[in-house]
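Working through the structure, step by step
The chain contents come next:
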Amino acid sequence: MTVIGRWTFALLLLASPALAQEQKILHVFNWSDYISDDAIEDFEKATGIKVVYDTFDSNEVLEAKLMAGKSGYDIVVPTASFMQRQIGAGLFRKVDKAKIPNLANLDKSLMRIVANHDPGNAYGVPYLWGTTGIGYNIDKIKERMPNAPVDSWRLIFDPAVVAKFKDCGVAMLDTPSDVIKSTLRFLGRDPNTTKPEDVKAAETHLLKIRPFITYFHSSKYINDLAGGDICLVLGYSGDIVQARNRASDAGKKVEVGYVIPKEGAMVWFDMMAIPADAPHPQNAHAFINYILTPEVAGAISNAVSYASPNVKALEFVDEELKADSSVYPNAQVKQRLFADKTLTSDIDRAFTRAFTRVKAGK
Amino acid sequence: MSGLLRRLLVGVPATWLLLFFGLPFAFILKVALSQAVVAQPPFTPLFADGRFQGSLANFALLAEDDLYLDAILASLRLAATATVACLALGYPMAWAIAGTKRRWRAPLLALVALPFVTSFLIRVYAWIGLLRPTGFLSETLQSLGLIDGPLALMPSDVAVALGMTYTYLPFMVLPIYASLEKIDPVLAFAAADLGARPGRVFWSITLPLSLPGVLAGSLFVFVPSVGEFVVPELLGGPGTPMIGKVIWQEFFNNRDWPLASALAVVLLALLAWPIARAQRAETATARGLS
Amino acid sequence: MALGALSVEGVAKRFGAAAVLDGLSLRIAGGSFTALLGASGSGKTTLLRLVAGFEAPDAGRILLDGADMDGIPPYERPVNLVFQSYALFPHMSVADNIGYGLRREGLAAGEVRRRVSEMLALVRLDGLEDRKPRQLSGGQAQRVALARALAKRPKLLLLDEPMAALDRGLREHTRSELKRLHRELGTTFVLVTHDQEEALALADRVALLDRGHLAQEGTPEDLYERPASLAVARFVGEINLIGGRTSDGGTVEIPGLGSIRVPARLPIGSEVFVGIRPEKIDIGAVGWPATVTDVAYHGDRSVYRLALAGGVEIRASRPNRTGEQAEVGESVGVSWPEGAALVFPK
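Anyway, here's the lowdown on the structure attached to this text. Please read all numbers here as calculations on a predicted model, not as lab measurements. (Residues numbered from 1 in each chain as written. Chains lettered and ligands numbered in written order. Predicted model: local features only at pLDDT ≥ 70, side-chain atom pairs only at ≥ 80, totals over all residues. Heavy atoms only, no water.)

**Structural notes on the overall build of chain A**
- Helix and strand content of chain A: 17 helices and 11 strands.
- With the C-alpha coordinates of chain A rotated into their principal frame, the extents come out at 75 × 45 × 35 Å.
- Of the contacts formed within chain A by residues at least 6 apart in sequence, a portion of 73% connects residues at least 24 apart.
- By element, 53% of the accessible surface of chain A is carried by carbon and sulfur atoms, the whole surface being about 15000 Å². (Helix = DSSP H or I, 4+ residues; strand = E, 2+ residues; numbered from the N terminus. Contact = heavy atoms within 4.5 Å. Areas by Shrake-Rupley, 256 points an atom, 1.4 Å probe, with all protein chains shown as cover.)

Here you go:
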């Protein structure tokens, strides 16, 4: 063996986690505003594992990081529709179910839905789920349009309606999938389309309302809605409910509403998964099992106002939240939800291109 | 021995260029010729089944969709605006500094460079505080009764040009100062002696002799401005599709590395042209001056 | 009278606390070739800048052909300057340099071209019009600078140390070129220099400045043979100075040497210096006895150091016509013609 070869071998030995005892460290990459304040601290206390916590606000950015490889994360939280392709690309390692006894706490019917994306629930563990709908400032909308269609996608997609709210600020998620799928639903087309002409139609329609949109961003609308800087947003259920809570916590006279439009809204599931090249997979399993503890899962649901897939956790969820059908939809509301299916790569490309053009206003 | 040393020393910039420009660019070019896939890495290999699989499809797509052409034109336009603004502000500054007493020059130049001690991001954020509709400028003008209603200076192209002008101004001032300072003051006396009024002395002697600095400064402002990402991201709206932002979107939102790489290659080709032109002009002037 | 007469009347100029020119008056005749000679600090460069118009005098007047130059900016004065560093515009060709002043006068392009080629012929640089200054030798650059200044047909041409940047070999040639140009053009040339040899060789009039004052103005011979003061005698050429005291009419008593006859008349009993130029001293069998203490061989001549009685030391310069030299230690006789001795009050 050459000198260089010997050194390389020695370095590999040092760097290889498989050969050494796994370090007491865990890198988590989660959505912004998506966990309770104590969860991480309590996990660290209970296990002695130091957590390095980092956030993102779009599936696309997460996927870009995963595809680049060597992300260094041990836990990531993709949405199930995105995860399907990522599993195909070999980005995740299989979950060792024996190491996660709390898997039994999860809702079986929900696991079957998620299995459409992740056959046999081999790679992902549901974290939270929610819907993509409309958040709005109740007073400002009423002021500008007393008979505003607040139960309908028309509120944001009808150019004649949304034009009235331009002056108080209109925001949209900066994600092609949520925005275009919602648009297609409003247009009466298949949100999970396979036809490029549908994408074109959505683009054409979005360009009509583009002049009234202040910005595209996937996280800052929470504060802006709570602070009264915007009055209308196409956003995520829990984020908008968080905005409502923040407004009342700060004692502001801002009342925020969240609506699942009557035409139907997209339901999605965010999954905990372990990247194939995660440096600390054992710690990752410990973390997943910890999150699935009923008390922890309940606290997280309370903190972020998204629905927990953990049936045992429901007893720890605030009654008020459980009763809110925009967060925990009742059977009637569930009828209006449509599934978030994985797009073919051609359509995915068409989505992103169309969305880029819409944002540029071309 | 000294011959070997000399060859080694010549090798340093060559190695530098190879390591920090040649290899990354070769990688970008390779990605630009491949196709996007959902995989790790997210692009197809250039050689598969013993055959070359590369294609110019990504470049064709760039040409087809006027979004990219618009982004390139918008970037060139904003970068040119920032460059002209930097020149208009920076030349008089450099001229004034070069005209002060020698002991004042170093402190004045230090003042020009002073903003660099603060993080670039923080300085751009400060501009947000000044320009946004609920920001300092808008509120002040409103409270003075000069405007009614908030003044939305950002997000806008004007704010982006302003931000880039602010950011890159020192890069314009310093090279112009350096070239002005090098001009022998006796040349101005000679021109005056030959009948040139002060304005004519400036146009026929000072300005042409400071052109190398103007050229270098314009390049230092224009080239990074074209590919600027942070300023349009923070001060620009979604309607400001500068090429740096579009490349970011292609990489992160669209996860399309090949297209993003193709864009980067086009941008580089676009910038290589003025750099090469400037280089030639520089060589020509240097020949005339030494 | 020819044009280009310069009259400096009581000009004073201070920089801070230092008076660089202190009430200087000087007349330069039109068409003359005058050297402003002086050591550094004598004020000659300041005078040049005042005449060119780059500085304004604190007091006094500068007249050119009777016209007061006060308040007239440099770009309107019929005076041009050849800078010591030549100050050629590096970004312009030779032709554009020479034509620069003409274009400022608003001459038509064809006229500028004609005058430029005329000037190129005058300074014998035909064919170099497209060169850039960096492609010229030192001598060529100097001639371009001359042509550029002369193209304007100034009444007065100022030359600031024009030989300073030239090789020794080129200087001789340049001197004769300058003389030829002066002869051909008839313009007043004012040469500013610290080099007395250059001033004597070139100029027909020399004005010696000393610490802001005019020490003497005259022909080169006046300054060398008849220096008005000890300072002039010391600055122009070499001179032996021997201390003494005047006795009755036309003699000076020197301790150890006795009485020497001198041409000037001074009050009896005053302390004086007797000055003798080294080349005026004869070494032979007659005269004051002296011992050769050193011989420096210069080829065409040798310079001897001679010790006389009473501790007097002098230097004598003799042409080496026969190849015979006095040797160190030799006893010789030293003498000089009666009119050669100059007397200055101490």
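After that view of the structure, there is still more to cover.
**What about the pairing of strand β9 (residues 205–210) of chain C?**
Residues and elements named next belong to chain C.
- Pairing analysis gives 4 bridges linking strand β3 (residues 33–37) to β9, with the strands arranged parallel. Residue pairing for β9: L37 is matched across the bridge by L208.
- Looking at chain direction, β9 and strand β10 (residues 213–218) are connected through 5 bridges and run antiparallel. Its bridge partner lying in β10, D210 is registered against H213.
- A loop of 2 residues connects β9 with β10, the two strands running antiparallel in sequence, and R211 in this loop sits at a positive phi of about 45 degrees. (Pairing = 2+ DSSP bridges.)

**Some points on the packing of aromatic side chains**
- Summed over the entire model, instances satisfying the criterion amount to 33 aromatic pairs over all chains.
- Taking the centre distance of 5.6 Å and the plane angle of 55 degrees together, the rings of W268(A) and Y306(A) count as tilted. In this pair, W268(A) sits in strand β10 (residues 265–275) while Y306(A) sits in the loop between α14 (294–304) and α15 (319–323), placing the two residues 38 residues apart along the sequence.
- Residue W268(A) is classed as buried on the basis of its relative accessible area of 4%.
- Note that R104(C) overlies the ring of Y100(C), its terminal NZ or CZ placed 4.5 Å from the centroid. (Phe/Tyr/Trp six-rings, centres within 6.5 Å; stacked < 30°, edge-to-face > 60°. Buried < 20%, exposed > 50% of the residue type's maximum accessible area, 1.4 Å probe, protein only. Lys NZ or Arg CZ within 6 Å of the ring centre and 35° of its normal.)

**Notes on the nonpolar core**
- With 119 residues, the main nonpolar core has I156(A), F165(A), M172(A), Y221(A) and L232(A) as its most contacted residues.
- Here the element with the most residues in this core is β10(A); it accounts for 9 residues.
- Y221(A) has contacts with A171(A), L173(A), Y215(A), I230(A), V233(A), G235(A), Y236(A), D239(A) and I240(A), leaving out every residue within four places of it along the chain.
- In this structure, L131(B), V201(B), I62(C) and L158(C) belong to the second largest nonpolar core, which totals 71 residues. (Core = buried A, V, L, I, M, F, W, Y, C linked by side-chain atoms within 4.5 Å.)

**With respect to the side chain of Q142(C)**
Residues and elements named next belong to chain C.
- As for its position among the elements, Q142 is in helix α4 (residues 138–151).
- Here P162 takes part through its backbone oxygen, which lies 2.7 Å from a polar atom of the side chain of Q142.
- Ignoring any residue separated from it by four or fewer positions in sequence, one finds Q142 in contact with Y86, P162, M163, L166 and T174. (Polar contact = N/O pair within 3.5 Å; in protein donor to acceptor, adjacent residues only side chain to side chain.)

**Structural notes on the state of the cysteines**
Residue and element names in this part refer to chain A.
- Summed over the entire model, instances satisfying the criterion amount to 1 disulfide over all chains.
- Here C168 pairs with C231 through a disulfide, and the sulfurs are 1.9 Å apart. Of note, the bridge from C168 to C231 carries an S-S torsion of about 55 degrees and is right-handed in sense. Here C168 is found in the loop between α8 (159–162) and β6 (170–172), whereas its partner C231 is found in the loop between α11 (221–227) and β8 (232–236), with 63 residues between them in sequence.
- By relative accessible area, C168 is classed as buried at 5%.
- Overall, the relative accessible area of 0% leaves C231 in the buried class. (Disulfide = S-S within 2.5 Å.)

**Structural notes on the interface of chain C and chain B**
- Taken residue by residue, the interface counts 24 residues in chain C and 23 residues in chain B.
- In this assembly, chain C packs against chain B so that about 2000 Å² is buried in total across both faces, 64% of it on carbon and sulfur atoms.
- In this structure, the connection of chain C to chain B is made through 1 salt bridge.
- The partner of E76(C) in a salt bridge is R197(B), and the shortest N-O contact between them spans 3.2 Å.
- Taken together, the links from chain C to chain B amount to 7 residue pairs in polar contact (both at pLDDT 80 or more).
- When residues of the side of chain C that touches chain B are traced back to their parent elements, those giving at least two are α1 (44–52), β6 (79–82), α2 (94–104) and α4 of chain C.
- Residue composition of the side of chain C that touches chain B, by class: 14 nonpolar, 4 polar and 6 charged. (Buried area = accessible area lost by both parts, 1.4 Å probe. Salt bridge = Lys/Arg side-chain N within 4 Å of Asp/Glu carboxyl O. Nonpolar A, V, L, I, M, F, W, Y, C, P; charged D, E, K, R; others polar.)

**A few points about the arrangement of the chains**
- Ranking the 2 pairs of chains in contact by contact count places chains A and B at the top.
- What separates chain A from chain C at the closest point of their C-alpha atoms is a distance of 47 Å, and the two make no contact.

**A short note on a nonpolar patch on the surface**
Residues and elements named next belong to chain B.
- On the surface, W16, L17, L18, L19, F20, F21, L23 and L268 cluster together into a nonpolar patch covering about 850 Å² of accessible area.
- When residues in the nonpolar patch are grouped by element, the largest group, 7 residues, is from helix α1 (residues 2–32).
- Inspection of the secondary structure assignment puts F21 in helix α1.
- Judged by its relative accessible area of 41%, F21 is partly exposed. (Patch = residues over 30% accessible without salt bridge, like charges linked within 9 Å, V, L, I, M, F, W, Y side chains within 5 Å.)

**Examining the side chain of T79(A)**
Residue and element names in this part refer to chain A.
- Within the element layout of this structure, T79 appears in the loop between β3 (75–76) and α4 (80–88).
- Residue classification places T79 among the buried residues on the basis of a relative accessible area of 5%.
- The contact partners of T79, leaving out residues within four places of it in the chain, are W31, N59, W268, F269, D270 and D340.

**Some thoughts on the sheet that holds β6(C)**
Residue and element names in this part refer to chain C.
- Judged by pairing direction, the sheet is mixed, and its 6 strands sit side by side in the order β6-β7-β8-β3-β9-β10 without closing on themselves. Each edge of the sheet is formed by a strand with only one pairing partner; in this case those strands are β6 and β10. Averaged over neighbouring strand pairs, the angle between their axes works out to 20 degrees when direction is ignored.
- Relative to strand β7 (residues 156–160), α1 is tilted by about 145 degrees, and along the sheet it contacts β3, β6, β7, β8 (188–193) and β9.
- Sheet contacts for helix α5 (residues 168–185): β3, β7 and β8; angle to β8, the most-contacted strand, approximately 155 degrees. (Axes fitted to C-alpha atoms, helices over the stretch in contact; angles between N-to-C directions.)

In short, the description is geometric, and any link to function would need to be established separately.
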